[in-house]
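Close look at the chain arrangement
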Amino acid sequence: MCGIVGYCGPKNCTPILLDGLKRLEYRGYDSAGIGVESEKGPLVVIKRVGKIAQLRAAVPPTLQGHCGIGHTRWATHGGVTDTNAHPHQDMSGKIAVVHNGIIENYGPLKKKLEQEGVRFASETDSEVLAHLIAHYYRGKLEDAVGNALRQVKGTYGIAVIHLDEPGKIVGARCGSPLVVGVGDGEMFLASDVAAIVSHTKQVIYLSDGELVSLSASDYSITDIDHNPIEKSVDEIQWDIEEIEKEGFFCYMEKEIFEQPDSIARTLSGRLDIEYATGKLGGLNMTSRELLAVRRVKIIAAGTSWHAGLVGAYLLESLARIPASAELSSEIRYRNPVVEPDTLYFAVTQSGETADTLYAMRELKRKGARVLGICNVVGSTIARESDGGVYTHAGPEIAVASTKAFTSQLAVFYVFALLMARMRDLSFIQGQRFVEELQGISAKVRETLAQRDRIQNLAKKYYRARDFLFLGRGIEYPVALEGALKLKEISYIHAEGYAAGEIKHGPIALVNEETPTLIIVPRDSLREKTLSNMKEVKARGGPIIAVCTGEDEEVKAIADDYIPIPAVDELFYPFLTVVPLQLFSYFCALELGRDVDQPRNLAKSVTVE
Ligand code: M6R
């Protein structure tokens, strides 16, 4: 949710920290701050409410230093104020700490420290760390951090500096990601590689319980008790250009239009043409083990859950395996029954979503085999799962997930093909499926060509206060996804429903002012969905239909329509979601919203 960046080395750290924070802004963006060991002596901490631009404006151009830390915040404990922004300091002003996560026992810790005379400046849980580290400090920052963290319950990714040990950053993680960037005579620490990829591609992903000490020329990693840990250095596989806007107005637009390529990347090398099946090496399962799977359960949140719902539908219809997708925030606090022949998937773009991570851990404790479908390489869920598949959609910066969704779908299509071919699907049917999947990127590109029509529709409808999104069968999760997209970036109230359900309640919402967006491709449920369209029309509701080509029957009922190319009916979700993404995007633009960083949201939700 929040972002951390740190630098020690020969360069001036101030611009490096500010640029790094700018790259992390998508993770949390209500306030930000930096702490710099200034050349002139004191530790300078500057914090501002608002975007990084506000912080940048507050930082004097003369501020120079060779070691510093920075933070972009998404408030949990304490309101959005300059004081509550990070870094937090101890009373001597020598220590500065930035923290991602939540200190659950900060109440009793704070009370104890206050009894010892400590005065707190902020309302945050994080400030407790600065005072606790000061309490234990005896001349070695690593020891003080280790001792302080032993008192803490909760989750953290932290970076700490101390004026008495200039040029040193100590970091530690437990439940909140942290990565070390190894440069040439310089070192970086960040919560996300996006902050440092322009400086180095050599990184070390820290695991929970690890503590790192950085100087310009060296690093050492230990556990919290200071036992040394050997870690491998990984290379980031993507370039800085991938996190630039490349001429698009914003990241969301770029990511929507990138989908033909991101889907192709996901599928690359994963289709076995000769045997008309899927190839997914990272599952870490033999064919025999896969054959023994009797049920698939998918856990995820938000957009990833919608992809999981499509995946479950597909697995059931194509591979004839009972499958379901559940919200990780729900499963986490249930007492789920884990059966030995059930295979679980944790689906997540970020690989850090707390609900999904904790649900996965609970399932694993009960003996489940949980595979990950993750986009972020080296993320916690990717590393803790029993195997899995990277989506390779590339970095997704906009808070509203788009290309990650279609890449998650692509993984499910390959997996369903693999499972189906081991069961009932013939070679010829498999070949047809492979051909359709290979052609899907081009069809997505064709769908994107409807951009101008969709923008015009957004201009016509953006003033509506409420929207209904309807779809049936495999299109039902797409309707949910369309409603989520519209809500999160335009703040227009939207409900996603299974089209057949409207007569059980939501049809009461239909009137002249409430448009309904219906997904009605040429599939075997089209007639049923047409009936639902008529029901809406009969009650005066304006209808925008997403349909296959120039569907005259649809056109006769709908007020407006968005044509998409024809595909085999199981493949429509790849196409039908695209107009919904674009429609939400253009509505948000019309309303002057901050598309990439909508209010109250953060890219990856690492807290409950
Ligand atoms: O990183 P994850 O896929 O685990 O994130 C799950 C949700 O938080 C995420 O999909 C969220 O709903 C997006 N903002 C949707 O656009």
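Residues numbered from 1 in each chain as written. Predicted model: local features only at pLDDT ≥ 70, side-chain atom pairs only at ≥ 80, totals over all residues. Heavy atoms only, no water.

1. Thoughts on the overall build of the protein chain
Filter applied, for reference: What counts as a helix is a DSSP run of H or I of at least four residues, what counts as a strand is a run of E of at least two, and both are numbered from the N terminus. In this description the radius of gyration comes from C-alpha coordinates, and the expected globular size is given by 2.2 Å times residues to the power 0.38. When a residue's accessible area, from a 1.4 Å probe over protein chains only, is under 20% of the maximum for its type it is buried; when over 50% it is exposed; and in between it is partly exposed. Note on contacts: a residue pair is in contact if any heavy atoms of the two residues lie within 4.5 Å.
Looking only at helices and strands, the protein chain has 19 helices and 26 strands in total. Taking 25 Å as the expected radius of gyration for a compact globule of 608 residues, we find that the protein chain reaches 25 Å, a close match to that expectation. Its C-alpha atoms give the protein chain principal-axis dimensions of about 75 × 55 × 40 Å. Counting all 608 residues of the protein chain, 61% fall into the buried class. The contacts of the protein chain with a sequence gap of at least 6 include a subset with a gap of at least 24, amounting to 71%.

2. Points about helix H17 (residues 526-538)
Threshold: One less than the residue count of a helix, multiplied by 1.5 Å, gives the span that helix is expected to have. The arc in question is formed by the directions pointing from the helix axis toward the C-beta atoms.
Helix length check: H17 (13 residues) gives 18 Å between terminal C-alpha atoms against 18 Å at 1.5 Å per residue, within 8%. Of the residues making up H17, those classed as buried are Arg 526, Thr 529, Leu 530, Asn 532, Met 533 and Val 536. In an axial view of H17, the angular spread of the buried residues amounts to 160°, which keeps them on one side of the axis. At its buried positions, H17 is contacted by strand S22 (466-471), strand S24 (516-520), strand S25 (543-548) and helix H18 (552-557). Among the residues trailing H17, Gly 540 stands out with phi positive, at a value near 80°.

3. Some points on the nonpolar core
The following threshold applies: Joining through side-chain atoms within 4.5 Å is the link that ties buried Ala, Val, Leu, Ile, Met, Phe, Trp, Tyr and Cys residues into a set, and such a set is a nonpolar core.
Counting residues in each nonpolar core, the largest one holds 126 residues, and the members touching the most others are Tyr 413, Phe 415, Phe 467, Phe 574 and Phe 583. The contacts of Phe 467, once residues within four sequence positions are left out, are Tyr 461, Leu 486, Ile 492, His 493, Ala 494, Glu 495, Thr 514, Pro 515, Ile 544 and Phe 583. With 26 residues, the next largest nonpolar core counts Ala 130, Leu 141, Val 170 and Ala 172 among its residues.

4. As for the site of the ligand
The following threshold applies: For this purpose, a residue is taken to be near a molecule or strand whenever a single non-hydrogen atom of the residue falls within 4 Å of it. Nitrogen and oxygen atoms within 3.5 Å of one another constitute a polar contact, given that in protein one can donate a hydrogen and the other can accept it, and given that sequence-neighbouring residues count only through two side-chain atoms. All accessibility values rest on the Shrake-Rupley procedure with a 1.4 Å probe; residue burial counts only the protein chains present in the view. Three classes are used: nonpolar for Ala, Val, Leu, Ile, Met, Phe, Trp, Tyr, Cys and Pro, charged for Asp, Glu, Lys and Arg, and polar for all others, with Gly counted as polar. The source of the domain bounds is an automatic or database domain assignment.
The full set close to the ligand counts 14 residues, and Ser 304, Gln 349, Ser 350, Thr 353 and Glu 488 are the nearest of them. In the model, a nitrogen atom of the ligand is placed 3.1 Å from a nitrogen or oxygen of the Val 399 main chain. In this structure, an oxygen atom belonging to the ligand sits 3.0 Å away from a side-chain N or O atom of Lys 485. In the complex, 90% of the free accessible area of the ligand, which totals 410 Å², lies under the protein chains. Here the residues of the shell around the ligand are counted per class, giving four nonpolar, eight polar and two charged. Of the domains in this structure, domain 2 (249-443) and domain 3 (449-595) are the two that each give at least three residues to the shell around the ligand.

5. Examining the packing of aromatic side chains
Filter applied, for reference: Classification of ring pairs rests on two measures: the distance between centres of Phe, Tyr or Trp rings, Trp counted by its six-membered ring, which must be within 6.5 Å, and the angle between planes, read as stacked under 30 degrees, edge-to-face over 60 and tilted in between.
In this structure the tally under the stated criterion is eleven aromatic pairs. Each ring, one from Tyr 413 and one from Phe 574, has its centre 4.8 Å from the other, and the planes form 55°; the classification is tilted. Highlighted residues: Tyr 413 in helix H13 (residues 403-422) and Phe 574 in helix H19 (residues 572-590), separated in sequence by 161 residues. Judged by its relative accessible area of 0%, Phe 574 is buried. Their ring planes at 55° and their centres at 4.8 Å tell us that Phe 433 and Phe 571 sit as a pair that is tilted. Taken as a pair, Phe 433 in helix H14 (residues 427-448) and Phe 571 in the loop between strand S26 (560-564) and H19 lie far apart in primary sequence, 138 residues in all.

6. Section: the pairing of strand S2 (residues 31-38)
Test applied: Two strands are said to pair when DSSP picks up at least two bridges between them.
A large share of S2 lies buried, amounting to eight of its eight residues. Alternating residues of S2 divide into Ser 31, Gly 33, Gly 35 and Glu 37 and Ala 32, Ile 34, Val 36 and Ser 38, and every residue in both groups is buried. Direction of pairing for S2 relative to strand S3 (residues 43-49): antiparallel, over a ladder of seven bridges. Across the sheet, residue Gly 33 finds its bridge partner in S3, namely Lys 47. Pairing of S2 with strand S4 (residues 65-73), which is carried by seven bridges, proceeds in the antiparallel orientation. When the sheet's bridge partners are listed, Gly 33 is paired in S4 with His 71.

7. A word on the pattern of salt bridges
Going by this rule: Should a side-chain nitrogen of Lys or Arg be within 4 Å of a carboxyl oxygen of Asp or Glu, the pair is scored as a salt bridge.
A complete count under the given rule lists 35 salt bridges for this structure. A salt bridge links Glu 326 to Arg 334; the nearest nitrogen and oxygen atoms lie 2.8 Å apart. Residue classification places Glu 326 among the buried positions, given a relative accessible area of 17%. Taking the shortest distance from any N to any O, the salt bridge between Arg 361 and Glu 384 comes out at 2.7 Å. Here Arg 361, found in helix H11 (residues 354-365), pairs with Glu 384, found in helix H12 (residues 380-384); they are 23 residues apart in sequence, far enough to count as distant. Residue class for Arg 361 comes out buried when judged on its relative accessible area of 17%. Owing to a relative accessible area of 24%, Glu 384 belongs among the partly exposed residues under this scheme.

8. Topic: the domain arrangement of the protein chain
Condition: By buried area we mean the combined loss of accessible area, with a 1.4 Å probe, across both parts when two parts are placed together.
Partitioning the protein chain into domains gives domain 1 (3-236), domain 2 (249-443) and domain 3 (449-595). Distance from the C-alpha centre of domain 1 to the C-alpha centre of domain 2: 34 Å. With ten residues of domain 1 in contact, the opposing surface of domain 2 contributes twelve residues. A combined buried area of about 800 Å² lies between domain 1 and domain 2, and 47% of that area is made up of carbon and sulfur atoms. Summed over the three residues of domain 1 that lose the most area to domain 2, namely Tyr 26, Arg 173 and Tyr 205, the buried surface amounts to 50% of that side. Put simply, domain 1 and domain 2 have one salt bridge between them. Here Arg 361 and Asp 208 are joined by a salt bridge, their closest N and O atoms 3.1 Å apart. Applying the counting rule to domain 1 against domain 2 returns five residue pairs in polar contact (both at pLDDT 80 or more). Each residue belonging to the side of domain 1 that touches domain 2 can be placed in one class, and the counts come to five nonpolar, two polar and three charged.

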